[in-house]
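The lines below spell out each chain.
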Amino acid sequence: MEDKNITTEYTCFLNEITLRIRSAQYEALKAVNKEMIALYWEIGKRITEQQAISGWGKSVVETLSRDIQKEFPGIKGFGVSNMWDMARFYAEYQSNEILQPLVGEISWSKHIVILTKCKETQQRQFYILATRKFGWTKDVLINKIELKTYEKYLLGQNNFDKTLPEKIRNQAVLALKDEYSLNFAGLDEEHSEYELEQSIVKNIRSFLMEFGPDFSFIGNQYKLVVDDTEYFIDLLLYNRRLQAMIAIELKIGEFKPEYKGKMEFYLNVLNDTVKLPHENPAIGIIICKSKKRTTVEYALKSSNLPIGVATYSLSSELPDDYKKLLPAPEDIAKKLEVLITK
């Protein structure tokens, strides 16, 4: 008995120590990253200043790169291309009140992806903050940018601000896009709802990646029984971070206001008969081929259940018309506030 108690006590002790070690390793990595970026920032600053003061040409960076690598054989990160990135990084961020405070928040390689692929300040801010908040890898970040995640987030239509608990409201807003790219589906432009659903199920991993890292698949044609009548939800997902079921209805045509009533019915039944006590209210997402934005606004206006309306496309390209719909800069700033809290 005594040995068993010692073993149990030791296991708890070991878990505590390993947790502290992992925490310390993570903090050390963050510290190293900040030190490295601070160094790159300073080098970029000095290159920029010396070129301005002394009129040095481009060849100075090539010479500097070569001499640094002679002085520190085997050192990485000081190739010509990376040193030009340092100068550009400093030049573009040093006077930017929004971006300058964020330089130490993510790794250098991710900063360069954002610097290269994104041109607008608030777009860069979004990807820096989202990468920090959700721990996106470099490859995931590239994928998010290519899928126009920033634009799709800004255009999202839902009523989450008045129907969800405050503790998960912001996360839910971030989890919903305005348009989902189903380019993995391999469908022709003319297809049925059944074909769309079956293609998603066959490519469920790609579908979940389009939604985000916290989603898991519960099932398709999920059965609900009310008054001896069977009803079927096209897709039922679960979001681990939200701790909520996500009911999805697929429509191959334009959004119609009556779709909202059907989704409310599903959500009420899920909340009453399927939701576990510790879980948050179920969330509904209606994904249509197209929608009229004002119609969606009116449809969701009086609903007291959390519903979002999105569209889908069979390519990853965002239509040019969407760019005209982006909010004003001050409205974008408000939407980005949900990412600022660590």
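Since this is a predicted model, take the numbers as computed values, not measurements.

Let's talk about helix α13 (residues 293-301)
Of all the residues in α13, the buried ones are Val296, Ala299 and Leu300. The buried residues of α13 occupy an angular sector of 90° when projected down its axis, which confines them to one face. Exposed side chains of α13 directed beyond 90 degrees from the buried face belong to Tyr298 and Lys301. Residues of α13 that are buried sit in contact with β1 (157-158), α8 (160-163), α12 (258-273) and β7 (307-313).

Here's the deal with the pattern of salt bridges
According to the stated counting rule, one finds 15 salt bridges in the structure shown. The closest approach of N and O atoms between Arg293 and Asp178, which form a salt bridge, is 3.4 Å. Separated by 115 residues along the polypeptide, Arg293 in helix α13 and Asp178 in the loop between α9 (166-175) and β2 (179-181) bring together distant segments of the chain. For Arg240, the salt bridge identified is with Asp214, shortest N-O distance 3.6 Å. Here Arg240, found in the loop between β4 (229-239) and β5 (244-254), pairs with Asp214, found in the loop between α11 (204-211) and β3 (215-226); they are 26 residues apart in sequence, far enough to count as distant. Relative accessible area serves as the criterion here: at 61%, Arg240 is assigned to the exposed category. Its relative accessible area of 10% is what places Asp214 among the buried residues. The network of salt bridges with shared partners includes Arg88, Glu92 and Arg124.

Focus: helix α6 (residues 138-146)
Quick reminder: α-helices carry 3.6 residues per turn. Residues three or four places apart thus point the same way. Taken as a whole, α6 has its buried residues at Leu141, Lys144 and Ile145. One side of α6 carries all its buried residues, which in axial view fall inside an arc of 95°. Considering only its buried residues, α6 is in contact with α4 (108-117), α5 (121-134), α7 (149-154) and α11. Of the residues flanking the end of α6, it is Lys148, one or two places downstream, whose phi is positive at about 60°.

So, the nonpolar core
Side chains of nonpolar character tend, in soluble globular proteins, to be buried together. Formed by 71 residues in total, the largest nonpolar core has its most connected members in Tyr93, Ile114, Tyr127, Leu182, Phe207, Phe211 and Ile248. Of the domains in this structure, domain 1 (1-152) and domain 2 (155-338) are the two that each give at least three residues to this core. With residues near it in sequence (within four places) discarded, Leu182 still touches Leu196, Ile200, Phe207, Tyr312, Ser313 and Leu314. Grouped together as the second largest cluster of nonpolar side chains are 22 residues, Phe255, Tyr266, Ile286 and Leu305 included.

Quick notes on the pairing of β4
Pairing of β3 with β4, which is carried by 10 bridges, proceeds in the antiparallel orientation. Across the sheet, Phe217 pairs through a bridge with Leu237, a residue of β4. Hairpin geometry of β3 and β4 is characterised by an intervening segment of two residues between the two adjacent antiparallel strands and by a positive phi of about 50° at Asp227. One ladder, built from five bridges, connects β4 with β5; its direction is antiparallel. Of the residues in β5, the one forming a bridge with Leu237 is Ile246. What sits between the antiparallel neighbours β4 and β5 is a turn of four residues, in which Gln243 has the positive phi angle 50°.

Quick word on the packing of helix α2 (residues 59-71) against helix α3 (residues 80-93)
One can describe the packing of α2 onto α3 by two numbers: an axis separation of 9 Å at closest approach and a directional angle of 120°. Taken together, α2 and α3 sit at an angle that is classed as oblique. In the crossing of α2 with α3, the sense of the turn from one axis to the other is right-handed. Facing α2, whose interface residues are Val61, Glu62, Leu64, Ser65 and Ile68, α3 presents Val80, Met83 and Trp84. Residues belonging to the contact of α2 with α3 are distributed by class as follows: six nonpolar, one polar and one charged.

About the cut-offs
Residues numbered from 1 in each chain as written. Predicted model: local features only at pLDDT ≥ 70, side-chain atom pairs only at ≥ 80, totals over all residues. Heavy atoms only, no water. Buried < 20%, exposed > 50% of the residue type's maximum accessible area, 1.4 Å probe, protein only. Helix = DSSP H or I, 4+ residues; strand = E, 2+ residues; numbered from the N terminus. Arc of directions from axis to C-beta. Contact = heavy atoms within 4.5 Å. Salt bridge = Lys/Arg side-chain N within 4 Å of Asp/Glu carboxyl O. Core = buried A, V, L, I, M, F, W, Y, C linked by side-chain atoms within 4.5 Å. Domains from an automatic or database assignment. Pairing = 2+ DSSP bridges. Axes fitted to C-alpha atoms, helices over the stretch in contact; angles between N-to-C directions. Parallel < 35°, antiparallel > 145°, perpendicular 65-115°, else oblique. Left-handed = near helix turned anticlockwise from the far one by under 90°. Nonpolar A, V, L, I, M, F, W, Y, C, P; charged D, E, K, R; others polar.

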